[in-house]
Each structure stands twice: as C-alpha cells, then as structure tokens.
Amino acid sequence: MNIDFATAALYLGGFLFAVGVAGVLVRRNAILMFMSIELMLNGVNLTLIALSRTLGFEAQVLVFFVMAVAAAEASVGLAIIIAVFRHYEVVDVDRVTLLKW
Amino acid sequence: MITEFFFLLFAIMAAAGAVMVVASKNPVASLMFLVLTLFAVAGLFVLLEAHFLAAVQVIVYAGAIMVLFLFVIMLLNLGHDRSDLRSMAGRVTAVVAGAALFAGLATILGRGAVTEMAGGMGAETVRAVLESRGAMGAVADPLFRSYMVPFEITSLLLLVAVVGAIVLARRKAP
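Residue positions within a chain follow its written sequence, with the count starting from 1. Each chain is given a letter, starting from A, and each ligand a number, starting from 1, according to the order in which they appear as written. In keeping with the model being predicted, local features are shown solely for residues with a pLDDT of at least 70 and side-chain atom pairs are shown and tallied solely at 80 or more, while totals for entire chains, interfaces and linings include all residues. Side-chain measures here rest on the full set of heavy atoms in the structure, leaving out hydrogens and waters.

Attention now goes to the environment of Met40 of chain A. Residues and elements named next belong to chain A. Put simply, DSSP H or I for four residues or longer makes a helix, DSSP E for two residues or longer makes a strand, and each gets a number counted from the N terminus. Its location among the elements puts Met40 in helix α2 (residues 30-55). Linking Met40 and Leu78, residues 38 residues apart in sequence, is a C-alpha distance of 17 Å. The contact criterion used throughout is that any non-hydrogen atoms of two residues lie within 4.5 Å. The residues touching Met40, leaving out its near neighbours within four places in the chain, are Phe17, Gly20, Val21 and Val24.

This is the structure:
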C-alpha cells in the first residue's frame, strides 16, 4: 500500500509539472504564468515528499526551502508585475517588448 | 481502504484543479482552482506522512502566497473574462509540449528505477524515526543540525525579498 502511494504521487507530481509547463506556454497574462510556475513547484514538492518516505527527511527539509524560496519569488515577481503594469498599463507578456531583440 | 479513497480523491482534485488553472478564462477562477490544487496536495502530503509540510503548505501557500496573488489581481483590475489564452496553434503547441513532457517523465518512472527507490529499503528506518521523534521532530532534526546555515540564509533571502518587493512596487517619489 505504501509503495502504491509513493508511486502514484510520483506520477501525479510529473503530471502537475507538465500542466505547469503547458500553462506557461499557453498563457499571456504574466500573473497566470506565475501561477503555472507555482504548479510546477508543487509538482516537484510532491515528488520530493513521495521520495522522502524512503530516502529520509532531508527531502522534506528541501521542500521547506523550496517553499521559502517560492514565497520570496512570488513577492518579488508580483512587485515586478506591478511595476511593469504601472509603465505599460498591461500585464500581457507579448506587449512588453522593451528587451526584445 | 479509507486512505486509498482519500488518496484517490485528493489526487483527482489536484489533477483536475491544475488543468482548470491553465484552462480557465477568468484569472480569479484560475486562482481559486490553484487554491483547490494546493489544498489537495496538502492532503496528499498528510497521506504521505509529511504532516509538518502539509501544515506549512496550507499556511504559506494556500494562505499567504495565494492572498498575495489575489491582491495583485484585484489591484490591477484583471478580474474580467477576457481570455489571455494564446491562439489555437499556440494552445496545440502547449498541450503537445506538456503531453510530451509528461510522457517522458512517465517513461522514466515506468522503467522502475525511481519507483523502486520510492518503495525501497529505507521505509522502515523513516517510519521508526517518525515514531520516535514525531512529525515535527523528524523534520526539525536535520533542519536545525545539518542545515542550520541554509536555514539562516533563508531568513536573509526573505528579508531581501521584502525590501526588494517594496522598492520595486513603490511609486516613485514626485
């Protein structure tokens, strides 16, 4: 039973990551791309938790750090989105072309 | 039996919520589906015996980060139904890319090396640590012994993030 849970969680983690990648590709709104990145992070966290049952609690410590970095990333990223919105009045990544070659 | 039922329930909630995050037109609806996904993943954490991280997941992710997203969506007045999904070709490309990535990951898992690791010999040791130290102690032990310095650096990272967010989002002084 335990083995089944961990294996199923590994597959689900892979699925969440793949959905997050598709979300980053399909969305143009920067905030929704960010939410897709959160999905990817959750897929990775789920994978680590599934493996932590046999590989030890270091994996859970890693998930803890991932969550802290995700919080920092979300706050700074959303601040950047607000700054971009002030400048362009949009959050559409196709229309923010200042660095486009 | 009941744990299998809840595992299946949370897994379906997480997968369906994730798909709806990507497919939903309204940003607020997307965010609510993301909260659903995060709660379901927290439930899976409990079933995988990571109780402390399930609590952190609900408090930090579903609580703090999602409120931050909601504030920004409402601050920028984005709660309308105008779709920001790409054109049909872009959607097909994204779905194909996601499906290919999942197929690749599933193939790697299907070969058995990783899943064997997940069902490997360490399970009894981990269970014993969990029994003797409890859910908090089992995580706190490596966190405050082996990973003390990274833990302290995390606090520095969060401080930098707070200052950086304020500096970036602040209106320029006239």
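Before going further, it helps to spend a moment on the pattern of salt bridges. When charged atoms on two side chains of opposite charge get close, those side chains can pair. Residues and elements named next belong to chain B. Put simply, a salt bridge is a Lys or Arg side-chain nitrogen that is within 4 Å of an Asp or Glu carboxyl oxygen. Across all of its chains, the model carries five salt bridges over all chains by this definition. A salt bridge links Arg133 to Asp141; its shortest N-O distance comes to 3.3 Å. Put simply, Arg133, Asp141 and Arg145 are held in one network by salt bridges that share partners.

What follows is about a nonpolar patch on the surface. Only residues whose relative accessible area exceeds 30% and that form no salt bridge are eligible for patches; like-charged ones are grouped when within 9 Å, while nonpolar side chains (Val, Leu, Ile, Met, Phe, Trp, Tyr) are grouped when within 5 Å. In these tables, accessible area is a Shrake-Rupley quantity obtained with a 1.4 Å probe, and a residue counts as shielded only by the protein chains included in the view. A grouping of Leu156, Leu159, Val160, Val162, Val163, Ile166 and Val167 of chain B is seen on the molecular surface, where their side chains present a nonpolar patch of about 650 Å² in accessible area. On the secondary structure map, Val163 of chain B appears in helix α7 (residues 148-169).

Moving on: the packing of helix α3 (residues 58-88) of chain A against α7 of chain B. In contact at an axis separation of 9 Å, α3 of chain A and α7 of chain B are set at 10° when each is read in the N-to-C sense. When the axes of α3 of chain A and α7 of chain B are compared, the pair comes out roughly parallel. On the side of α3 of chain A, the interface is formed by Phe64, Phe65, Ala68, Val69, Ala72, Ser75, Val76, Ala79, Ile80, Ile82, Ala83 and Arg86 of chain A, while α7 of chain B contributes Pro150, Phe151, Thr154, Leu157, Leu158, Ala161, Ala165, Leu168 and Ala169 of chain B. Looking at the contact of α3 of chain A with α7 of chain B, its residues break down into 18 nonpolar, two polar and one charged. Interaxial angle, 0 to 180 degrees, is taken between N-to-C directions of lines fitted to C-alpha atoms, where a helix line uses only the stretch in contact. Between 65 and 115 degrees an angle is taken as roughly perpendicular, under 35 as roughly parallel, over 145 as roughly antiparallel, and anywhere else as oblique. Throughout, the ten residues Ala, Val, Leu, Ile, Met, Phe, Trp, Tyr, Cys and Pro are labelled nonpolar, Asp, Glu, Lys and Arg are labelled charged, and all others, Gly among them, are labelled polar.

Residue and element names in this part refer to chain B. Taken N-terminus to C-terminus, the directions of helix α2 (residues 27-47) and helix α3 (residues 51-75) make an angle of 175°; their axes are 8 Å apart at the nearest point. When the interaxial angle is binned, α2 and α3 end up roughly antiparallel. Across the interface between the two elements, Pro27, Val28, Leu31, Met32, Leu34, Val35, Leu38, Phe39, Val41, Ala42, Phe45 and Val46 from α2 touch His51, Leu53, Ala54, Gln57, Val58, Tyr61, Ala62, Met66, Phe69, Leu70 and Ile73 from α3. Tallied by class, the residues present in the contact of α2 with α3 amount to 21 nonpolar, two polar and no charged.

Buried accessible area, meaning the area lost when the parts come together, often serves as the stated size of an interface. Taken together, the contact pairs 81 residues of chain B with 71 residues of chain A. A quick way to say it: buried area is the sum, across both parts, of accessible area lost when two parts are put together, with a 1.4 Å probe. Roughly 6900 Å² of surface becomes buried between chain B and chain A when both sides are summed, with 78% attributable to carbon and sulfur atoms. Of all residues in chain B, Leu48, Phe69 and Arg86 of chain B bury the most surface against chain A, accounting for 10% of the area lost on that side. Viewed at the interface, chain A and chain B are joined by two salt bridges. The definition of a polar contact used here is a pair of N or O atoms within 3.5 Å, where within protein one atom must be able to donate a hydrogen and the other to accept one, and adjacent residues in sequence count solely through side-chain atom pairs. Applying the counting criterion to the chain B and chain A interface returns 12 residue pairs in polar contact (both at pLDDT 80 or more). For the side of chain B that touches chain A, the secondary structure elements donating two or more residues are α1 (2-23), α2, α3, α4 (88-110), α5 (113-118), α6 (123-145) and α7 of chain B. Grouping the constituent residues of the side of chain B that touches chain A by class yields 59 nonpolar, 13 polar and nine charged.

On to a positive patch on the surface. The charged-residue count follows a simple rule in which Lys and Arg add positive charge and Asp and Glu add negative charge, with His and chain termini not counted at all. Charge coordinates come from a single atom per side chain, which is NZ of Lys, CZ of Arg, CG of Asp or CD of Glu. Side chains of Arg86 of chain A together with Arg170, Arg171 and Lys172 of chain B sit close together on the surface and give a patch of like positive charge. Here Arg170 of chain B is to be found in the segment after α7.

To continue, consider the nonpolar core. Residues belong to a common nonpolar core when they are buried Ala, Val, Leu, Ile, Met, Phe, Trp, Tyr or Cys residues joined through side-chain atoms within 4.5 Å. To sort residues, take the accessible area from a 1.4 Å probe on protein chains only and compare it with the maximum for the residue type: under 20% means buried, over 50% means exposed, and anything in between is partly exposed. Within the largest apolar cluster, 72 residues are counted, with the highest numbers of intra-cluster contacts made by Ile31 and Leu46 of chain A together with Phe45, Leu53, Phe69 and Leu76 of chain B. Listing elements by their share of this core, those giving two or more residues are α1 (2-26), α2 and α3 of chain A together with α1, α2, α3, α4 and α6 of chain B. Element by element, the count of residues in this core is highest for α3 of chain A, at 12 residues. Leu53 of chain B has contacts with Ile49, Gln60, Val63, Phe64 and Met67 of chain A together with Phe45 of chain B, leaving out every residue within four places of it along the chain.

This paragraph deals with α1 of chain B. Residues and elements named next belong to chain B. A helix's residues, less one, multiplied by 1.5 Å, set its expected span. Spanning 22 residues, α1 covers 31 Å between terminal C-alpha atoms, matching the ideal 32 Å at 1.5 Å per step. Turning to α1, its buried residues number three or more, namely Phe7, Phe10, Ala11, Ala14, Ala15, Gly17, Ala18, Val21 and Val22. The arc that holds the buried residues of α1, viewed along the axis, is 165°, so those residues lie on one side. Across α1 from its buried face, at more than 90 degrees, point the exposed residues Ile2, Leu8 and Ile12. An arc is given here, and it is the one of the directions from the helix axis to the C-beta atoms.

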